Amino acid sequence: EAAAQRPDLFGPRLLALEQTRLCALLDEWLTLERGRAPFAVERRESRQDVELAGLQLRIRADRVDCLPDGRQVIIDYKTGARAGSGDWTGERLTEPQVPLYAVATGAPVAAALIGRVRAGAVGWAGTAAEADLVSGVPPFEPTEALADWPALLAHWRDRLEALAGEIRAGRASATPGLAACEYCAFPALCRRRQPEEEVDRDGRVLGGHRAVVR
């Protein structure tokens, strides 16, 4: 499609190079998938209209796999160098896309995954209900607040419904995490990072930052 629109850029040589690159990348990906326990691809980019705390959403998961026991594996492909699951256990989910798909699927979920499709860095990020469901994906480690896998799924629904409630209420307060500063084009105009002195247990002064939103 791109070549048809810009034949001056996408000549035969460039298209041949891109084909070679993609074939090598797909080979890496299929080698990764071959190491998985049995599964079947149930849906690919299937549009779904859902309601979350009164908010109407249209979502499209990249892929949903089905395990022999009927549970689903939710997959979203990413090609970025820093693709990952972010914080899925905090009060504000930093990468809520896959948890949203998991909450909205309406079926038991066994794993929520980011599929990193990047040359030399092909792999998985995310979490699963137990070990060995997907090769290379660690099982969810319970915490004091989240005792097991069902508790994690319930946490996702609770946090996403709270976010949907904020959107419906028109709340638009700035609540960025510190990682957002890495992509900000206006650091001189922002006070998200503010230096402060930190003292360790021995009374020594350490350099540090305090998160401040004003």
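See the structure shown above.
Presented here is a report on the structure given in the accompanying data block. Remember, predicted model here, so these are calculated numbers, not experimental data.

**Section: the pattern of salt bridges**
So, point 1. Scanning the model with the defined rule gives 16 salt bridges in all.
So, point 2. Between Asp158 and Arg159 there is a salt bridge whose closest N-O contact spans 3.0 Å.
So, point 3. In this structure, a network of salt bridges that share partners links the residues Glu33, Arg36, Arg63 and Asp65.

**Topic: the pairing of strand 5 (residues 123-128)**
So, point 1. Buried residues dominate strand 5, accounting for six of its six residues.
So, point 2. The alternating pattern of strand 5 places Gly123, Ala125 and Thr127 on one face and Trp124, Gly126 and Ala128 on the opposite face, and all of these are buried.
So, point 3. As paired strands, strand 4 (residues 109-116) and strand 5 are joined by six bridges and run antiparallel to one another. Note on strand 5: the bridge partner recorded for Ile114 is Ala125.
So, point 4. The hairpin formed by strand 4 and strand 5 contains six residues between the paired strands, and Gly120 there has a positive phi angle of roughly 80°.

**Looking at a nonpolar patch on the surface**
So, point 1. A contiguous nonpolar patch, built from Leu9, Phe10, Leu14, Leu15 and Leu17 and spanning about 420 Å² of accessible area, is present on the exposed surface.
So, point 2. Residue position: Leu9 is located in the loop between helix 1 (2-5) and helix 2 (12-34).

**Here's the deal with helix 4 (residues 149-168)**
So, point 1. The end-to-end C-alpha distance of helix 4, which contains 20 residues, comes to 29 Å, matching closely the 28 Å that a straight helix rising 1.5 Å per residue would cover.
So, point 2. Every buried residue of helix 4 is accounted for by Trp149, Leu152, His155, Trp156, Leu160, Ala164 and Glu166. Viewed along the axis of helix 4, the buried residues span an arc of 165°, placing them on a single side of the element. Relative to its buried face, helix 4 has exposed residues pointing more than 90 degrees away, namely Pro150 and Arg168.
So, point 3. By the N-cap criterion, in which a side-chain oxygen at the helix start approaches the backbone nitrogen of a residue two or three places on, helix 4 is capped by Asp148, the distance to Ala151 being 2.9 Å.

**Quick look at the packing of aromatic side chains**
So, point 1. Scanning the entire structure with this criterion turns up four aromatic pairs.
So, point 2. Taking 5.7 Å as the distance between ring centres and 80° as the angle between the ring planes, the aromatic pair formed by Trp29 and Tyr77 counts as edge-to-face. Of the two residues, Trp29 sits in helix 2 while Tyr77 sits in strand 3 (residues 72-78), which places them 48 residues apart along the sequence.
So, point 3. Among the residues examined, Tyr77 registers a relative accessible area of 32% and is labelled partly exposed.

**Regarding the nonpolar core**
So, point 1. Grouped together as the largest cluster of nonpolar side chains are 27 residues, with contacts concentrated most on Ile59, Ile74, Val98, Leu152, Trp156 and Leu160.
So, point 2. At the level of elements, strand 1 (40-52), strand 2 (55-66), helix 3 (97-104), strand 4 and helix 4 are the ones that each hand at least two residues to this core.
So, point 3. Contact partners of Val98, with chain neighbours within four places excluded, come to Ile74, Asp76, Trp88, Ala112, Leu113 and Ile114.
So, point 4. Counting 15 residues, the second largest nonpolar core, distinct from the first, contains Ile75, Ala111, Val117 and Val137.

**Some details on the sheet that holds strand 1**
So, point 1. Reading across from one edge, 1-2-3-4-5 is the order of the five strands in this open sheet, with mixed pairing throughout. Looking at strand neighbours, the two that pair on one side only are strand 1 and strand 5, the edges of this open sheet. Taken pair by pair, the neighbouring strands of this sheet meet at an average axis angle of 35°, ignoring direction.
So, point 2. Pairing of strand 1 with strand 2 involves 11 bridges; the strand directions are antiparallel. Residue Arg43 lies in a different strand from strand 2, and its bridge partner there is Val64.
So, point 3. Along the sheet, helix 3 makes contact with strand 1, strand 2, strand 3 and strand 4, crossing strand 3 at roughly 150°.
So, point 4. Together, strand 1, strand 2, strand 4 and strand 5 form the strand contacts of helix 4, whose direction differs from that of strand 4 by roughly 70°.

The rules behind the values
Residues numbered from 1 in each chain as written. Predicted model: local features only at pLDDT ≥ 70, side-chain atom pairs only at ≥ 80, totals over all residues. Heavy atoms only, no water. Salt bridge = Lys/Arg side-chain N within 4 Å of Asp/Glu carboxyl O. Buried < 20%, exposed > 50% of the residue type's maximum accessible area, 1.4 Å probe, protein only. Helix = DSSP H or I, 4+ residues; strand = E, 2+ residues; numbered from the N terminus. Pairing = 2+ DSSP bridges. Patch = residues over 30% accessible without salt bridge, like charges linked within 9 Å, V, L, I, M, F, W, Y side chains within 5 Å. Areas by Shrake-Rupley, 256 points an atom, 1.4 Å probe, with all protein chains shown as cover. Expected span 1.5 Å × (residues − 1). Arc of directions from axis to C-beta. Polar contact = N/O pair within 3.5 Å; in protein donor to acceptor, adjacent residues only side chain to side chain. Phe/Tyr/Trp six-rings, centres within 6.5 Å; stacked < 30°, edge-to-face > 60°. Core = buried A, V, L, I, M, F, W, Y, C linked by side-chain atoms within 4.5 Å. Contact = heavy atoms within 4.5 Å. Axes fitted to C-alpha atoms, helices over the stretch in contact; angles between N-to-C directions.

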